[in-house]
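Letter by letter, the chains look like this.
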Amino acid sequence: MNVTIADVARVAGVSVTTVSRILNGEKYVRDDKKKAVEAAVEKLGYRPSLYARSLAGNRSYVIGLLLDDPQGDYLSGIQRGLLQKCKQAGLHVVVEVFDKTTTFEQIQSFLSSLGLSGVILTPPICDNEVILAALSKRKIPTVRISPGRAFGGMTDIGIDNFGAAYKMTEHLIGLGHSDIGFITGDTEHADARERLQGFQSAMADNGLLVRRDWVGRGTYVFESGLTAARQLLTQDKRPTAIFASNDEMAAATITIAHEMRISVPDELSVAGFDDLPLASFVTPPLTTIRQPIEEMAIAAATRLLDAHKEQEVNNDTLPTLMDFAFVERKSTVKPNR
């Protein structure tokens, strides 16, 4: 038997209007009534109709997560954090894939079909001019994760990628490495460019040369790390340390080193970025930068939920920088030459 909002109101001893206001997250509701409704919802196992809620409040109760590639542990972390927060709030998540070929008409059609309450953009489409213009035109509350530049009326969340890469590079230099290679991420991503700049700046500030042939081009995926690492390690003179722009490519570097019978870390130190689960599972475990991926998604969802409750666009354009952490494990040691 379906439980209705009237059943919840009867058990909680309040009006149907009060139940509706509480379920919609409205402010200025007495705590005792809120607790009574929450207890009734729990007791009856009530699940509000998404369609009915949409009609009542002129809001869709759906958050859109837009990305260009659904694969990879980074995006899995974003989805886990977003789903966790939205489930608690009774909102649904729609995941849609767009890329640099997306037209204004395509994104407009998508937005019109769902009437989203808010949108989260991941890199690199968080800097896509076409998508940003469409969202801005429809005044949909939007949070961007790790964008490269500000965009009016949208909230940005990320970490200091430049500072994190600088810190990791200084760690390798502090161990005594001067011959350091680097594997970039996909340079269409602003965070990849910032990590490269952090590496280059740390090297320059310590009077060290960045050899062009020791900068491998990766795309954040494992296979690209294999290619880049092989390029760096088959030269006449190879680096004593390689800093990869994410953990997947760092793991690929270890794979190539094992294949070439290069001991890690005795002959080659390897560092990564993100602190994905695989960073602890590879042999040896990776020294890396911990990026709070799920927490960034939760923070992004929280900002959208606030805008959702207020029924207005959040015009806060100040970026929110979350803390990263340096994690030292067994993949980096002093060079043996």
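Model, not experiment: these values are computed from the prediction.

Caption draft 1: Structural detail: the overall build of the protein. When you go through the protein residue by residue, the secondary structure sums to 13 helices and 12 strands. Across its three principal directions, the C-alpha atoms of the protein cover 80 × 40 × 35 Å. For the protein, buried positions account for 49% of its 337 residues. In the protein, 71% of the contacts between residues at least 6 apart in sequence involve partners at least 24 apart. When the accessible surface of the protein is split by element, carbon and sulfur atoms take 50% of a total near 16,000 Å². Side chains of the protein give 37 positive and 41 negative charges; the mean places of these two sets differ by 5 Å.

Caption draft 2: The confidence of the model for the protein, seen in detail. On average, residues of the protein score 88 in pLDDT, and 91% of them reach the 70 mark or higher. Under a pLDDT of 50 for its full length, residues 54-58 has, in the predicted model, four contacts with residues more than four places off or in other chains.

Caption draft 3: Highlighting the sheet that holds strand β11 (residues 320-321). Strands sit in the order β2-β1-β3-β4-β5-β11 across an open sheet of six strands; the sheet is parallel. Looking at which strands have only one partner, the edges of the open sheet turn out to be β2 (92-97) and β11. Most of the contacts of helix α7 (residues 129-138) go to strand β3 (residues 118-121), to which it runs at about 165 degrees, and overall it touches β1 (62-67), β3 and β4 (142-145).

Caption draft 4: The arrangement of the sheet that holds strand β9 (residues 269-271) in detail. Pairing is parallel across the open sheet formed by four strands, whose spatial order is β7-β6-β8-β9. Of all strands in the sheet, those with a lone pairing partner are β7 (215-216) and β9, marking the two edges. Bridge count for strand β6 (residues 180-183) against strand β8 (residues 241-244) is four bridges, and the pairing is parallel. Looking across to β8, one finds that Gly-181 is bridged to Ile-242. Packing against the sheet, helix α11 (residues 247-259) makes contact with β6, β8 and β9, and its axis sits at approximately 160 degrees to β9.

Caption draft 5: Highlighting the packing of aromatic side chains. Summed over all chains, the structure comprises four aromatic pairs. Here Phe-98 and Phe-110 contribute two aromatic rings whose centre-to-centre distance is 5.4 Å and whose plane-to-plane angle is 70 degrees, an arrangement assigned as edge-to-face. Pair noted here: Phe-98 is in the loop between β2 and α6 (104-114) and Phe-110 is in helix α6, with a separation of 12 residues, a long-range link. Residue Phe-110 is classed as buried on the basis of its relative accessible area, which comes to 9%. Ring centres of Phe-182 and Phe-243 lie 5.3 Å apart, and the angle between their planes is 85 degrees; this geometry places the pair in the edge-to-face category. Highlighted residues: Phe-182 in strand β6 and Phe-243 in strand β8, separated in sequence by 61 residues. Feature note: the residues Phe-182, Phe-199 and Phe-243 constitute an aromatic cluster, connected by ring pairs. Directly above the aromatic system of Phe-273 lies the positively charged group of Arg-195, at a separation of 3.7 Å from the ring centroid. Positioned above the aromatic ring of Trp-214, the side-chain terminus of Arg-211 is 4.1 Å from the ring centre.

Conventions adopted
- Sequence positions are assigned chain by chain, starting from 1 and proceeding in written order.
- This being a predicted model, a pLDDT of at least 70 is required before a residue's local features are given, and a value of 80 or more before pairs of side-chain atoms are given or counted; all residues contribute to the totals for chains, interfaces and linings.
- To get the side-chain values, all heavy atoms of the structure are used, and hydrogens and water are removed first.
- Strands are runs of DSSP state E lasting at least two residues, helices are runs of H or I lasting at least four, and both sets are numbered from the N terminus onward.
- Throughout, exposure labels follow a simple rule: accessible area from a 1.4 Å probe, protein chains only, divided by the maximum for the residue type, with under 20% read as buried, over 50% as exposed, and the rest as partly exposed.
- Should any heavy atoms of two residues lie within 4.5 Å, those residues are considered in contact.
- Accessible surface is estimated by sampling points in the Shrake-Rupley manner with a 1.4 Å probe; for residues, cover comes only from the protein chains shown.
- For the purpose of counting charges, residues Lys and Arg are taken to be positive, whereas Asp and Glu are taken to be negative. His and the chain ends are not included.
- For this purpose, a charge sits on NZ of Lys, CZ of Arg, CG of Asp or CD of Glu.
- On a range of 0 to 100, pLDDT expresses the predictor's confidence in each residue.
- Paired strands are those between which DSSP finds at least two bridges.
- Inter-axis angles, ranging from 0 to 180 degrees, are taken between N-to-C directions of lines fitted to C-alpha atoms, where helices are fitted over the stretch in contact.
- Here the aromatic set is Phe, Tyr and Trp, taking the six-membered ring for Trp, and pairing holds for ring centres within 6.5 Å; pairs whose planes are under 30 degrees apart are stacked, those over 60 apart are edge-to-face, and all others are tilted.
- Distance and angle both matter: a charge sits over a ring if NZ of Lys or CZ of Arg is within 6 Å of the ring centre and within 35 degrees of the ring normal.

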